[in-house]
Amino acid sequence: MTMIDDKLQQVRARIVTACAATGRDPASVRLLAVSKTFGPEAVRAAHAAGQTAFGENYVQEGVAKIEALGDLRARIEWHCIGPLQSNKTRLVAEHFDWVHSIDRLKIAERLAEQRPADLAPLQVCLQVNVDGGANKSGVAAEEALPLARAVAALPRLRLRGLMAIPEPAADFETQRALFLRAAAVFDQLRAAGLEVDTLSLGMSADLEAGIAAGSTMVRVGTAIFGGR
Ligand SMILES: *Cc1c(COP(=O)(O)O)cnc(C)c1O
């Protein structure tokens, strides 16, 4: 068994335990393996161990990896999870399957315009800022619903839900409380009739708190691939 294989099994076990602790079905939480800074061979090893969804932060690095792993393209789902600038939207629209980090309409409009017609719709999440920090990425919680409505109306994109990255907290309850703010916004979108199904919360250090707050997708790098 490779080391990545071993680490993946440990992370899957953490997900199962965290689900059991809150009475959730482990099948309701997807694992996104965050492969940023690791090479294509690490992704290939994780794929061989059964992992099919991968997240990348830096657009050019991600595209280079997607191209290097062209033989696996139909079997891997690639997620762009990093901050997105206007000049990178075309690369994202042409290469990725998902984007988690939409925080303004302009970016979503560009992605919709640039998504090639022969590809499936780009699956998108809005990044919501639940700490209120003015310099942080993410739409303010109060502005999430109008942005979600506008994004849901765009062609060639499919709105799937929300992502949040609150500041790391010292304890589980504080972390869970921050994640619950994102979950409340998610409930608001659903109550407004938007068909969202994805709440992307939790990383290596806090996936249990994410799952306790209702996460349906945890984004895990270090615990699978090692330190960066
Ligand atoms: C790097 C990163 C992760 C993974 O973080 P780890 O602590 O290594 O698990 C998850 N989400 C985003 C947006 C990231 O940038």
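Quantities reported herein were computed from a predicted structural model and do not represent experimental measurements. (Residues numbered from 1 in each chain as written. Predicted model: local features only at pLDDT ≥ 70, side-chain atom pairs only at ≥ 80, totals over all residues. Heavy atoms only, no water.)

1. A closer look at the site of the ligand
Piece 1. All residues adjacent to the ligand are V34, K36, N57, I81, I165, M203, S204, R219, V220, G221, T222 and R228.
Piece 2. For the ligand, an oxygen atom lies 2.8 Å from a polar atom in the side chain of R228.
Piece 3. In the complex, 89% of the free accessible area of the ligand, which totals 390 Å², lies under the protein chains.
Piece 4. Judged by the proximity of its atoms to the pocket grid, the ligand belongs to the largest pocket.
Piece 5. In the shell around the ligand, the residues fall into five nonpolar, four polar and three charged. (Near = heavy atom within 4 Å. Polar contact = N/O pair within 3.5 Å; in protein donor to acceptor, adjacent residues only side chain to side chain. Areas by Shrake-Rupley, 256 points an atom, 1.4 Å probe, with all protein chains shown as cover. 1 Å grid on protein atoms, 1.4 Å probe; cavity = no way out; pocket = protein on both sides within 12 Å on 5 of 7 lines; lining within 4 Å. Sits in = over half its atoms within 2 Å of the grid points. Nonpolar A, V, L, I, M, F, W, Y, C, P; charged D, E, K, R; others polar.)

2. Here's the deal with the packing of aromatic side chains
Piece 1. A full pass over the atoms with the stated rule returns two aromatic pairs.
Piece 2. Where F38 meets F225, the ring centres are 5.5 Å apart and the plane angle is 25 degrees; that geometry is what we call stacked. Of this pair, F38 sits in the loop between β1 (30–34) and α2 (40–48) while F225 is found in helix α9 (residues 222–225), placing the two residues 187 residues apart along the sequence. Here F38 and F225 have matching classes, each one buried.
Piece 3. Measuring from ring centre to ring centre gives 5.9 Å for F54 and W78, while their planes differ by 40 degrees; the resulting arrangement is tilted. Within this pair, whereas F54 is found in strand β2 (residues 53–56), its partner W78 is found in strand β3 (residues 77–80), the two being separated by 24 residues in sequence. (Phe/Tyr/Trp six-rings, centres within 6.5 Å; stacked < 30°, edge-to-face > 60°. Helix = DSSP H or I, 4+ residues; strand = E, 2+ residues; numbered from the N terminus. Buried < 20%, exposed > 50% of the residue type's maximum accessible area, 1.4 Å probe, protein only.)

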